[in-house]
Amino acid sequence: MAKASVELTRELQDSIRRCLSQGAVLQQHRVKLETKPKKFEDRVLALTSWRLHLFPLKVPAKVESSFNVLEIRAFNTLSQNQILVETERGMVSMRLPSAESVDQVTRHVSSALSKVCPGPGCLIRRGNADTPEGPRDTSPNSETSTSTTHSVCGGFSETYAALCDYNGLHCREEVQWDVDTIYHAEDNREFNLLDFSHLESRDLALMVAALAYNQWFTKLYCKDLRLGSEVLEQVLHTLSKSGSLEELVLDNAGLKTDFVQKLAGVFGENGSCVLHALTLSHNPIEDKGFLSLSQQLLCFPTGLTKLCLAKTAISPRGLQALGQTFGANPAFASSLRYLDLSKNPGLLATDEANALYSFLAQPNALVHLDLSGTDCAVDLLLGALLHGCCSHLTYLNLARNSCSHRKGREAPPAFKQFFSSAYTLSHVNLSATRLPLEALRALLQGLSFNSHLSDLHLDLSSCELRSAGAQALQEQLGAVTCVGSLDLSDNGFDSDLLTLVPALGKNKSLKHLFLGKNFNVKAKTLEEILHKLVQLIQEEDCSLQSLSVADSRLKLRTSILINALGSNTCLAKVDLSGNGMEDIGAKMLSKALQINSSLRTILWDRNNTSALGFLDIARALESNHTLRFMSFPVSDISQAYRSAPERTEDVWQKIQWCLVRNNHSQTCPQEQAFRLQQGLVTSSAEQMLQRLCGRVQEEVRALRLCPLEPVQDELLYARDLIKDAKNSRALFPSLYELGHVLANDGPVRQRLESVASEVSKAVDKELQVILESMVSLTQELCPVAMRVAEGHNKMLSNVAERVTVPRNFIRGALLEQAGQDIQNKLDEVKLSVVTYLTNSIVDEILQELYHSHKSLARHLTQLRTLSDPPGGASQGQDPSSRGRGRNHDHEETDDELGTNIDTMAIKKQKRCRKIRPVSAFISGSPQDMESQLGSLGIPPGWFSGLGGNQPTASGSWEGLSELPTHGYKLRHQTQGRPRPPRTTPPGPGRPCQVPVAGPRQENGMATRLDEGLEDFFSRRVMDESSRAQAQTRRTVPRPGRNDALRMMQLRRVPPTTAAKALAQLPRMEKRKRREPYSQRGRSRLGMPSYRTPLWVHAPLSQWLCPGAAGPPRCREAGKRLRVAAALPQPSTNRG
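Residues numbered from 1 in each chain as written. Predicted model: local features only at pLDDT ≥ 70, side-chain atom pairs only at ≥ 80, totals over all residues. Heavy atoms only, no water.

A.B. asks: Can you help me understand the confidence of the model for the protein in this one?
C.D. replies: Interpretation of this model should avoid reading the predicted coordinates in detail wherever pLDDT is low. Mean pLDDT over the protein works out to 76, with 69% of the residues at or above the 70 mark. Residue range residues 872-892 is modelled with pLDDT below 50. Its contacts to residues more than four positions away, or to other chains, number 15 contacts. Every residue in residues 1065-1135 scores below 50 in pLDDT, and together they form 142 contacts with partners more than four places removed in sequence or on other chains. (pLDDT = per-residue confidence, 0-100. Contact = heavy atoms within 4.5 Å.)

Here you go:
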């Protein structure tokens, strides 16, 4: 709350508050400002959160000067209550009324600076300004500025607000809300610029600048968002100052070569840089930037753990420099774990790649390597990896490369050696790499000898294996036990699948199989292949969990595979996309889903499914409670929505509801709920506690020498309350952690364990009773067969093996499903208990602190009254009035403080949080909207003119609401017009054509298409005086029916221009449109039989012949008729 000196009038204080309405006035002091050497003038010093303001002693108040706390270069407190402040714009010297005022201003400035860029040592220096020890530089450009973690998300919101005030820009509250609420609740230390991509570039620049003084965020992420120059400049500034930023991702951010060169310079300047992950993919950096970056990486003390340079236009020359850097800096051998150089064609096609191969051949720590699309020789690379990182490499992507740069049919020895020696491989991608037969055999042989790998994903799609590859797979895949996922899509197997599919079924370690784009065979062969596939998945010992036949164009024969899904018990995921199975296939799939209980995921799209097919699926899901995920069929849904929007929307909502129902049993994110609830409980209460503790500490300090025993007792009680207030900050997390520790192995889990054991015994007993009853009934119905079976003693043992329920299933059902639901509810109740206890204790502390503050303030007032000199009233002011004036502001502050406490308690009871502010893009001023719309290509003034140009009920749009939407059919009113006789003689050399009989009216007369044309050209459209003047200036005779042809002949218009002009005329008979140009010129221009803008016919000579003046009468008629034609016209049928 505001603190004012006793000499400031209430009117002046209120005027200052109104003038600084944007920020709360925290303190007000009357000071002596040194305007000239040894000349002081009276001013008012007003302190807000981030700025110091100076006002003259005038009403209304007006700011004379102000400066942000970040502008302070030095802050010195001198003798005689004088403060000397050195800012970026000069020196400010002022004298305060008392030492207490000096202490208040000093603490305020120190606290504000510590929230933005604190560090070790004192920010404020006391003593003489001429001492040799220099002050600490705390401006944004300071070389000694650091940051520390405090408050929510490291105090990002406070730093951002201070920087906005420092730069004179508006602070976006939505940014502060998102960081303090969403980022804090998710415990997210990655600052994603995509979350604020709707804001302007200058706002993004300030956010990035705030990261330079923040120790909470360790990662800056931006992908597919082009950053402006001011944002990139702040990125460089943040990297040069930050000591906590560990990862930088600028993927497809519009970076150029100069940025990478500056980035290299920043790495050389910042010795405390802790960056260990760098992603600059999809930016045209080129070799010049890589050479500069490689030179700085050479001196990187700790190296990098992750480097992504995909599609950066790097050439073999730049790669050579990078490879030499890796080899020369020993830190990279032990630190680099993730390397991505993909999508750089020709990068590894020359001898310059030997530098990288040399690094890979040395012992290194690579775990993830992506060299797809680099023209890499796979045999050379595998040979290097065999000696370098074969023991710990987990991800290897070599897609779209060549097997070897040498010609020969021998099997590369590196294939077999590498794949037999790898220890931790989990993903190998060789798609679109043309593998020779011997290389494929060596790969499979190496994997068959490898006993260390398991569940390996092997991608051999688009490798053109064909028949030879299918034969090799049939021979050697059965011995490979480490491959859990195999992608054989688009290899041209076709009819070879007849023998390949049964061979794949013999591999019992294979769980995921992709066979799409391999079914380009005739119908009969296709049916045989599908039956083989059905036989594979219907086997009792089938190990497949997912099957993909995507983009195979199976069409209606997809039903062969779908029909087998109903009784299938092994597949959990099926991909049927791109097969064109239409609604019939959807109906078959719906029947399978009604009885299937093992499928969890279905992918299907591009199947020409209509709303009727989706309706069948929706009906099937009503009885299916196991399917949990269905991909959104974008193509089919879009097509179905165009034809039947309402039905499609209803059906898809029904499908989604069924899927949500099937996924209802999920684990709740309790940690996220804890952090969010912690922010709800402690955010506002902590601020109030800090303010009250500060007040009480000041009063305790002022009354510590009072000898009265009651006062000393209250001081002791106040100190205890302050101690409790400090401990209450750790109350909420401590209580939650205690509940979490006690619940890990509490009575609930122990009881569930015992219940699981008892249920297992009960299940076994029930199954035994069922088995005995069934055997007895079977013996009664088939006694002879039972005696034979008992003689062989095989039936009961076989049946006993089938009726057992695994104990792991029962334990998982109780502990993981039912137990998880119980645990979720228990955590919810536990969190509510922690919240209630914390709220209760904090409320009691607040109330007791407030009462203690009131009591101590009353003692302090009495003490000051007793200590006033007897002659104090001789100065022209009543002592009582002086006391009231001194405490009036404190009393108002106390009342407001009590109101805030009550308000906060009510808000805690309702457990609500401040609503997120409206986005700047929506709630901005019209000027902001104009600038944002201008950046989108919309002309200026459009937004501001919307208010005056909106159609009203009485405007020209009134008739639209009265147009009929159903009822009578529109009729062509002039379709039966009689056609006038032909008067234009045929041209020389052309035979007279007999007119084709046109449509007839009911009375037998011929229909006229040009009726009224003569009246149009003879109608008066000008007064007689204007007509007389036009007759004197006319150089062309009055236009008639053939003036169009005459004007074209006079002006010598090219035939192409005339043809384009005639094409814009109303449609005539098809016979006339197909006639050559000369014949069209001889035919008569007809009056259209439907309503059309008449200006097309009237000034024909003007727009057929550009530049021609034309008859004035025609010009005036065309002008008036164009105006008339621009008005809204009712639509009519064109016949």
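A.B. asks: I'm lost on helix 21 (residues 634-643) in this one. Help?
C.D. replies: Note: α-helices contain 3.6 residues per turn, so residues at a spacing of three or four share the same orientation. Those residues of helix 21 lying buried are D636, I637 and A640. All buried residues of helix 21 project into a common sector of 95 degrees when viewed along the axis, lining one side. Turning to helix 21, the residues buried within the fold contact helix 20 (611-621) and helix 22 (645-662). (Buried < 20%, exposed > 50% of the residue type's maximum accessible area, 1.4 Å probe, protein only. Helix = DSSP H or I, 4+ residues; strand = E, 2+ residues; numbered from the N terminus. Arc of directions from axis to C-beta.)

A.B. asks: Just checking my understanding: could you explain the pairing of strand 11 (residues 247-251) for this structure?
C.D. replies: Remember that side chains alternate between the two faces of the sheet whenever the strand is regular. Within strand 11, 5 of the 5 residues are buried, which leaves it mostly tucked inside the rest of the structure. Where burial is concerned, the two faces of strand 11 agree: the one with E247, V249 and D251 and the one with L248 and L250 are both buried. Direction of pairing for strand 10 (residues 219-223) relative to strand 11: parallel, over a ladder of 5 bridges. Of the residues in strand 11, the one forming a bridge with C222 is L250. In this fold, the crossover linking strand 10 to strand 11 by way of helix 6 (residues 229-241) has right-handed handedness. Here strand 11 runs beside strand 12 (residues 277-279); their pairing, made up of 3 bridges, is parallel. Bridging across to strand 12, V249 finds its partner in T279. Once the chain exits strand 11 it traverses helix 7 (residues 257-269) before rejoining the sheet at strand 12, and the crossover so formed is right-handed. (Pairing = 2+ DSSP bridges. Right-handed = clockwise from strand over helix to strand, strands pointing away.)

A.B. asks: Teacher, can you tell me more about the packing of aromatic side chains here?
C.D. replies: Each aromatic ring pair is characterised by the separation of its centres together with the angle its planes make. Scanning the model with the defined rule gives 15 aromatic pairs in all. Taking 5.1 Å as the distance between ring centres and 50 degrees as the angle between the ring planes, the aromatic pair formed by F326 and F332 counts as tilted. Overall, F326 belongs to the buried group, its relative accessible area being 1%. You can call F332 buried: its relative accessible area is 0%. Aromatic rings pair up to connect F156, Y160, Y183, F191, F196 and F217 into one cluster. Cation over ring: R189 sits above W216, and NZ or CZ is 3.7 Å from the ring centre. (Phe/Tyr/Trp six-rings, centres within 6.5 Å; stacked < 30°, edge-to-face > 60°. Lys NZ or Arg CZ within 6 Å of the ring centre and 35° of its normal.)

A.B. asks: So what exactly am I meant to see when it comes to the packing of helix 14 (residues 437-449) against helix 15 (residues 466-476) here?
C.D. replies: Two measures define how a pair of helices packs: the angle their axes make with one another and the distance between the axes. With their axes 10 Å apart at the nearest point, helix 14 and helix 15 run at an angle of 20 degrees to one another. By the angle between their directions, the pair helix 14 and helix 15 is classed as roughly parallel. Our pair here, helix 14 against helix 15, has a crossing hand that is right-handed. Counting all contacts with helix 14, which are made through L437, L440, R441, L444 and Q445, the residues of helix 15 involved are A468, G469, A472, L473, E475 and Q476. Of the residues belonging to the contact of helix 14 with helix 15, the class tally is 6 nonpolar, 3 polar and 2 charged. (Axes fitted to C-alpha atoms, helices over the stretch in contact; angles between N-to-C directions. Parallel < 35°, antiparallel > 145°, perpendicular 65-115°, else oblique. Left-handed = near helix turned anticlockwise from the far one by under 90°. Nonpolar A, V, L, I, M, F, W, Y, C, P; charged D, E, K, R; others polar.)

A.B. asks: I keep staring at the pattern of salt bridges and nothing clicks. Help me out?
C.D. replies: Once the charged atoms of two side chains with opposite charge are near each other, the side chains can pair. Within the structure shown, the criterion is met by 25 salt bridges. We note a salt bridge from K219 to E247, for which the minimum N-O separation is 3.6 Å. Here K219 is found in strand 10, whereas its partner E247 is found in strand 11, with 28 residues between them in sequence. Taken as a pair, K219 and E247 share a single burial class, namely buried. (Salt bridge = Lys/Arg side-chain N within 4 Å of Asp/Glu carboxyl O.)

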